[in-house]
Amino acid sequence: VVSFSVLVIDPIIAPRIVKLSRAGEHKRLDWTIVRSMLLSAAIASPILVLLLIWPGTILRLMGPDFISAGVHLRIMALTHFVTAILGPLSMVLNMTYRERKSMWVSLMTMGLAVTAIPALSYFYGANGFVAAYCGIILLRLSIIGILVLTTDPPIHAHTSRDRGR
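Residues numbered from 1 in each chain as written. Predicted model: local features only at pLDDT ≥ 70, side-chain atom pairs only at ≥ 80, totals over all residues. Heavy atoms only, no water.

Draft legend 1. Representation of the environment of I58. Within the secondary structure layout, I58 lies in helix 3 (residues 55-60). On the basis of relative accessibility, which here comes to 26%, the residue I58 falls in the partly exposed class. Sequence separation of I58 and L147 is 89 residues, and the distance between their C-alpha atoms is 37 Å. The residues touching I58, leaving out its near neighbours within four places in the chain, are L50 and L51. (Helix = DSSP H or I, 4+ residues; strand = E, 2+ residues; numbered from the N terminus. Buried < 20%, exposed > 50% of the residue type's maximum accessible area, 1.4 Å probe, protein only. Contact = heavy atoms within 4.5 Å.)

What follows is the structure, encoded as C-alpha cells:
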C-alpha cells in the first residue's frame, strides 16, 4: 500500500521521460524525475505514518495472532517507502532505451528472491522473511539507482516513424 504511489505516477511520467530523453533535454528530465520522486513520497507519507505509529491497531484488524508483528510491519513499510521514492528510477531505465538493464536486474533479484526468501524464512521465521524480502527490494533499487546514475541512454537511430516528430 505504501508504494502504491509508483503505480499512480509511472504511467503519467513515462511519456514525458521518453519525450525529454529523445530531445536530449537532460536538465528537464532530471527535474521531472526529482519531482516524480517527491510527489511519490508525498503520496506515500500519510500511509507510512499510520503504519509506523499504529502498527498494532492495523494488524489487529487481521486477527489477534498478527499483533506481535508490529516491528515487521514497520520495517516493510519503510522499505516500501523507499520503493515509493526510488521507484520512478525503474521507469527511467525502461523509457530511456535501457530496458534490458532493468530486465536483467529484475531477473537477478527474482532469482535471488526465489532462493533467499524460502531459505531465510525456514531458518529464521518471520525475521528471516522480512530480512530477505526487504533486502532484495533494497538491493534491486540500489542497482537501478546506480545504473541510472552511471550509464547514459544509448544514442539510438530513429526509425522512420520517429523522424517526423
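Draft legend 2. Inspection of a nonpolar patch on the surface at higher detail. A contiguous nonpolar surface patch, about 580 Å² in accessible area, is contributed by F4, L7, V8, I12, L39 and I43. A total of four residues in the nonpolar patch trace back to one element, the largest contributor, which is helix 1 (residues 4-23). Within the secondary structure, I43 is located in helix 2 (residues 26-53). On the basis of relative accessible area, I43 is assigned to the partly exposed category, the value being 34%. (Patch = residues over 30% accessible without salt bridge, like charges linked within 9 Å, V, L, I, M, F, W, Y side chains within 5 Å. Areas by Shrake-Rupley, 256 points an atom, 1.4 Å probe, with all protein chains shown as cover. Salt bridge = Lys/Arg side-chain N within 4 Å of Asp/Glu carboxyl O.)

Draft legend 3. Focus on helix 1. Between its first and last C-alpha, helix 1 extends 30 Å over 20 residues, near the 28 Å set by a 1.5 Å rise per residue. The largest bend in helix 1 amounts to roughly 40° and is located at D10, with the proline P11 lying one to four residues further along. Every buried residue of helix 1 is accounted for by S5, V6, I9, D10, I13, A14, I17, L20 and S21. Tucked into the core, helix 1 has its buried residues touching helix 2, helix 4 (70-86) and helix 5 (88-95). (Expected span 1.5 Å × (residues − 1). Bend = angle between axes of the 7 residues up to and from the residue.)

Draft legend 4. Looking closely at the packing of helix 2 against helix 4. The contact between helix 2 and helix 4 brings their axes to 8 Å, and the two run at 170°. Judged by the angle between their axes, helix 2 and helix 4 are roughly antiparallel. Residues M37, S40, A41, A44, S45, L48, L51, L52 and I53 of helix 2 touch helix 4, and the partners they reach there are L73, R74, A77, L78, F81, A84, I85 and L86. Of the residues contributing to the contact of helix 2 with helix 4, the split by class is 14 nonpolar, two polar and one charged. (Axes fitted to C-alpha atoms, helices over the stretch in contact; angles between N-to-C directions. Parallel < 35°, antiparallel > 145°, perpendicular 65-115°, else oblique. Nonpolar A, V, L, I, M, F, W, Y, C, P; charged D, E, K, R; others polar.)

Draft legend 5. Layout of the side chain of T96. Its place among the elements puts T96 in the loop between helix 5 and helix 6 (99-150). Within the structure, T96 has its side chain in polar contact with the backbone oxygen of V92 (distance 2.5 Å). (Polar contact = N/O pair within 3.5 Å; in protein donor to acceptor, adjacent residues only side chain to side chain.)

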